[in-house]
Amino acid sequence: GESVGLHLPTLSVQEGDNSIINCAYSNSASDYFIWYKQESGKGPQFIIDIRSNMDKRQGQRVTVLLNKTVKHLSLQIAATQPGDSAVYFCADPPNQGGKLIFGQGTELSVKP
Amino acid sequence: NAGVTQTPKFQVLKTGQSMTLQCAQDMNHEYMSWYRQDPGMGLRLIHYSVGAGITDQGEVPNGYNVSRSTTEDFPLRLLSAAPSQTSVYFCASSPTIRGTEAFFGQGTRLTVV
């Protein structure tokens, strides 16, 4: 079936390094992708989104790259800080609305 | 503007008891949803609603009921709690029916003994 999944469940980086969190999707008709961040003990928080007519979108210290050929997207965090430690989820909302389903998430740990 | 408010924050139930988890939003969002999150796992969609009077099942709907009589409120009911329903529950609302840019509540930690 169609799904959104992540390559790695955990990622550990040194403070100040760049982080890359990957996500694969299976639905070639997906036209919109979103990333959420969930800090410990809190609900998820929207970070950034990207539409399928774009290859790249930049936010504040975060960049989303979309490769439609291999159905892969990544979230890049520049100069990773301790406050970036969290679980990151990707999702592809269905066109007709309704089931917003998340992947399992990648837990990012930032070492001081 | 409080965003998404969930009550209670913590709850312990005995097997077979019933209860309702409350969720309210003050952003006039049409889309609302409930998720459960178990340790080491992602968010699993229980039920969702694209507007008042409209609800539908998500990935794991069994054992849960919902209703959407107003735009603001989306309660989740457990009719007969089971230990397998021990989890953290999150309610979310979104300005679009695709559930994009969703705002999540702080969660309800439910333990069924």
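Whatever comes next refers back to the structure up there.
Conventions adopted
- Residues numbered from 1 in each chain as written.
- Chains lettered and ligands numbered in written order.
- Predicted model: local features only at pLDDT ≥ 70, side-chain atom pairs only at ≥ 80, totals over all residues.
- Heavy atoms only, no water.
- Disulfide = S-S within 2.5 Å.
- Helix = DSSP H or I, 4+ residues; strand = E, 2+ residues; numbered from the N terminus.
- Buried < 20%, exposed > 50% of the residue type's maximum accessible area, 1.4 Å probe, protein only.
- Salt bridge = Lys/Arg side-chain N within 4 Å of Asp/Glu carboxyl O.
- Contact = heavy atoms within 4.5 Å.
- Buried area = accessible area lost by both parts, 1.4 Å probe.
- Pairing = 2+ DSSP bridges.

Things to note about the state of the cysteines
Okay, so step 1: All told, the structure shown has 2 disulfides over all chains when counted by the stated rule.
Okay, so step 2: The residue that forms a disulfide with A:Cys23 is A:Cys90, at a sulfur-sulfur distance of 1.8 Å. On the S-S bond that ties A:Cys23 to A:Cys90, the torsion sits near 50°, and the link is right-handed. Here A:Cys23 is found in strand E3 (residues 19–25), whereas its partner A:Cys90 is found in strand E9 (residues 86–91), with 67 residues between them in sequence. Each member of the pair, A:Cys23 together with A:Cys90, is buried.
Okay, so step 3: Residue pairing for B:Cys23: its cysteine sulfur links by disulfide to B:Cys91, the two sulfurs lying 1.8 Å apart. Here the S-S torsion is close to -75°, and the disulfide linking B:Cys23 with B:Cys91 is therefore left-handed. Of this pair, B:Cys23 sits in strand E3 (residues 19–25) while B:Cys91 sits in strand E9 (residues 87–94), and the two are 68 residues apart along the sequence. Summarising the burial analysis for this pair, B:Cys23 and B:Cys91 share the class buried.

What about the pattern of salt bridges?
Okay, so step 1: Scanning all chains against the criterion turns up 5 salt bridges over all chains.
Okay, so step 2: With its nearest N and O atoms 3.3 Å apart, the salt bridge here joins A:Asp55 to A:Lys68. With A:Asp55 in the loop between strand E5 (45–51) and strand E6 (56–58) and A:Lys68 in the loop between strand E7 (62–67) and strand E8 (72–77), this pair connects stretches of sequence that are 13 residues apart.
Okay, so step 3: Where A:Arg61 meets A:Asp84, a salt bridge forms, and the shortest distance between an N and an O atom there is 2.9 Å. Placement of the pair is A:Arg61 in the loop between E6 and E7 and A:Asp84 in the loop between E8 and E9, with a sequence separation of 23 residues.
Okay, so step 4: One network of salt bridges, in which partners are shared, links B:Arg36, B:Asp38 and B:Arg44.

So, the interface of chain A and chain B
Okay, so step 1: In this complex, chain A contributes 25 residues to the contact, which on the side of chain B involves 23 residues.
Okay, so step 2: For the pair chain A and chain B, the summed buried surface comes to about 1800 Å²; carbon and sulfur atoms form 54% of the total.
Okay, so step 3: Counting the contacts that link chain A with chain B gives 0 salt bridges.
Okay, so step 4: Counting only elements with at least two residues in the side of chain A that touches chain B, the list comes to strand E4 (32–38) and E5 of chain A.
Okay, so step 5: The element contributing the most residues to the side of chain A that touches chain B is E4(A), with 4 residues.

Focus: the pairing of E4(A)
All names here are of chain A.
Okay, so step 1: By the criterion of burial, E4 is predominantly enclosed, with 7 of the 7 residues buried.
Okay, so step 2: The side-chain alternation of E4 yields two buried faces, one formed by Tyr32, Ile34, Tyr36 and Gln38 and the other by Phe33, Trp35 and Lys37.
Okay, so step 3: Note: E4 against E5, 6 bridges, orientation antiparallel. When the sheet's bridge partners are listed, Tyr32 is paired in E5 with Arg51.
Okay, so step 4: Linking two consecutive strands that pair antiparallel, namely E4 and E5, is a turn of 6 residues; a positive phi of about 80° is found at Gly41 within it.
Okay, so step 5: Here E4 runs beside E9; their pairing, made up of 5 bridges, is antiparallel. Following the sheet pairing, Ile34 is matched in E9 by Ala91.

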